[in-house]
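For reference, the chains in residue letters:
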Amino acid sequence: MRKLFLGIILMLILLQSIVLCLFFSDKLSLYPNNLVEITWICISLSSILFGVSFFIVNKQVKLPLVTVSIVSSLGIVMFPFLLFRRWIIAFTIIILAFTLHFYTCKNNKLSILPVISAIMGIYSLGLYLLMHAITSM
């Protein structure tokens, strides 16, 4: 069950990364608006759902609170670099997050994937709602 969840979570992180890269590269406007909105919302909500339910289903894996704070704070720091297309700095921040997690959580190295999935889903959904609110003004 754990490997199934990790596989789904990894796939959702990959899909969400593709959508966000298309957003920050200004290429989402090439696709139909309804398709983009439905895909974005479904992937974000699925990422949150699977990220949180991983820790509910697998009770032996504890939620790494240090990793949650690291990933959430580095996600906020990384946003301007993504916005101005500084991909190398953003990639370096991602490597830093993984390195800090591997250093602090030696027992559960793969527990970073559900944390990234859930936080990335929350941030992505927030970005969608912010974007939608700004464009509807």
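In the block above lies the structure referred to throughout.
Since we're looking at a predicted model, the values are computed, not measured.

**Some thoughts on the overall build of the protein chain**
Link 1 in the chain: Regarding its fold elements, the protein chain presents five helices and zero strands.
Link 2 in the chain: Each helix and strand of the protein chain, ordered N terminal to C terminal, gives the series α-α-α-α-α.
Link 3 in the chain: Computed over its C-alpha atoms, the radius of gyration of the protein chain comes to 15 Å, within 12% of the 14 Å expected for a compact globule of 137 residues.
Link 4 in the chain: For the C-alpha atoms alone, the extent of the protein chain along its principal axes is close to 45 × 30 × 25 Å.
Link 5 in the chain: Burial status across the protein chain gives 37% buried among its 137 residues.
Link 6 in the chain: Taking contacts inside the protein chain between residues at least 6 apart in sequence as the whole, the part at least 24 apart equals 77%.

**Focus: the packing of aromatic side chains**
Link 1 in the chain: Inspection of the entire model under this criterion finds eight aromatic pairs.
Link 2 in the chain: Here F23 and W40 contribute two aromatic rings whose centre-to-centre distance is 5.3 Å and whose plane-to-plane angle is 70 degrees, an arrangement assigned as edge-to-face. Within this pair, whereas F23 is found in helix α1 (residues 2–24), its partner W40 is found in helix α2 (residues 33–57), the two being separated by 17 residues in sequence. Residue F23 shares its accessibility class with W40, and that shared class is buried.
Link 3 in the chain: Note on F98 and F102: the rings are 6.0 Å apart at their centroids and 55 degrees apart in plane angle, and the pair reads as tilted. One end of the pair is F98 and the other is F102, both in helix α4 (residues 87–104) and four residues apart, which spans about a single turn.
Link 4 in the chain: Residue classification places F98 among the partly exposed residues on the basis of a relative accessible area of 24%.
Link 5 in the chain: Clustering of aromatic rings is evident, with ring pairs tying together F23, F24, W40, F79 and Y128.
Link 6 in the chain: Over the ring of Y103 we find K106; its NZ or CZ atom is 4.9 Å from the centre of that ring.
Link 7 in the chain: The ring of F102 has K109 sitting right over it, with the charged end atom 5.7 Å from the ring centre.

**A word on the packing of helix α3 (residues 65–83) against helix α5 (residues 112–135)**
Link 1 in the chain: Running from N to C, α3 and α5 cross one another at 40 degrees; their axes reach a closest spacing of 10 Å. Considering the angle they form, α3 stands oblique to α5. The element α3 and its partner α5 pack so that their crossing is right-handed. Of the residues in α5, those in contact with T67, V68, V71, S72, G75, I76 and F79 of α3 are I112, V115, I116, I119, Y123 and L127.
Link 2 in the chain: Grouping the amino acids of the contact of α3 with α5 by side-chain chemistry returns 10 nonpolar, three polar and no charged.

**Side note on the packing of α3 against α4**
Link 1 in the chain: Remark: α3 packs on α4, axes separated minimally by 9 Å, with the N-to-C direction vectors making an angle of 175 degrees. With respect to each other, α3 and α4 are oriented roughly antiparallel. Contacts between α3 and α4 pair V66, T67, I70, L74, V77, M78, F81 and L82 from the former with W87, I89, A90, I93, I94, L96, A97, L100, H101 and T104 from the latter.

Definitions and limits used
- Counting restarts for each chain, with residues numbered from 1 along the sequence as it is written.
- It should be noted that, the model being predicted, local features are given only for residues of pLDDT at least 70 and side-chain atom pairs only at 80 or more, the latter also being counted only at that level, while totals for whole chains, interfaces and linings use all residues.
- To obtain the side-chain values, all non-hydrogen atoms of the structure were included, while hydrogens and water were left out.
- Runs of E in the DSSP output that reach at least two residues are strands. Runs of H or I that reach at least four are helices, and both are numbered from the N terminus.
- Computation of the radius of gyration draws on C-alpha atoms, with the globule rule given as 2.2 Å multiplied by the number of residues to the power 0.38.
- Here's how the labels work: a residue is buried when its accessible area is under 20% of the maximum for its type, exposed when over 50%, partly exposed in between, all with a 1.4 Å probe on protein chains only.
- Any two residues having at least one pair of non-hydrogen atoms within 4.5 Å are treated as being in contact.
- Put simply, two rings from Phe, Tyr or Trp (the six-membered ring, in Trp's case) pair if the centres are within 6.5 Å, and we call them stacked under 30 degrees between planes, edge-to-face over 60, tilted for the rest.
- Note on geometry: a ring has a charge over it if NZ (lysine) or CZ (arginine) is within 6 Å of the ring centre and within 35 degrees of the ring normal.
- Axes, fitted as lines to C-alpha atoms, cover a helix only where it is in contact. Angles between the N-to-C directions of the axes lie from 0 to 180 degrees.
- Oblique is the label for any angle not covered by the other classes, which are roughly parallel (under 35 degrees), roughly antiparallel (over 145) and roughly perpendicular (65 to 115).
- By definition, any crossing whose near helix is turned counterclockwise from its far helix by less than a right angle is left-handed, and any crossing with a clockwise turn is right-handed.
- We call Asp, Glu, Lys and Arg charged. Ala, Val, Leu, Ile, Met, Phe, Trp, Tyr, Cys and Pro are nonpolar, and the rest, Gly among them, are polar.

These figures come from the coordinates and say nothing about function on their own.
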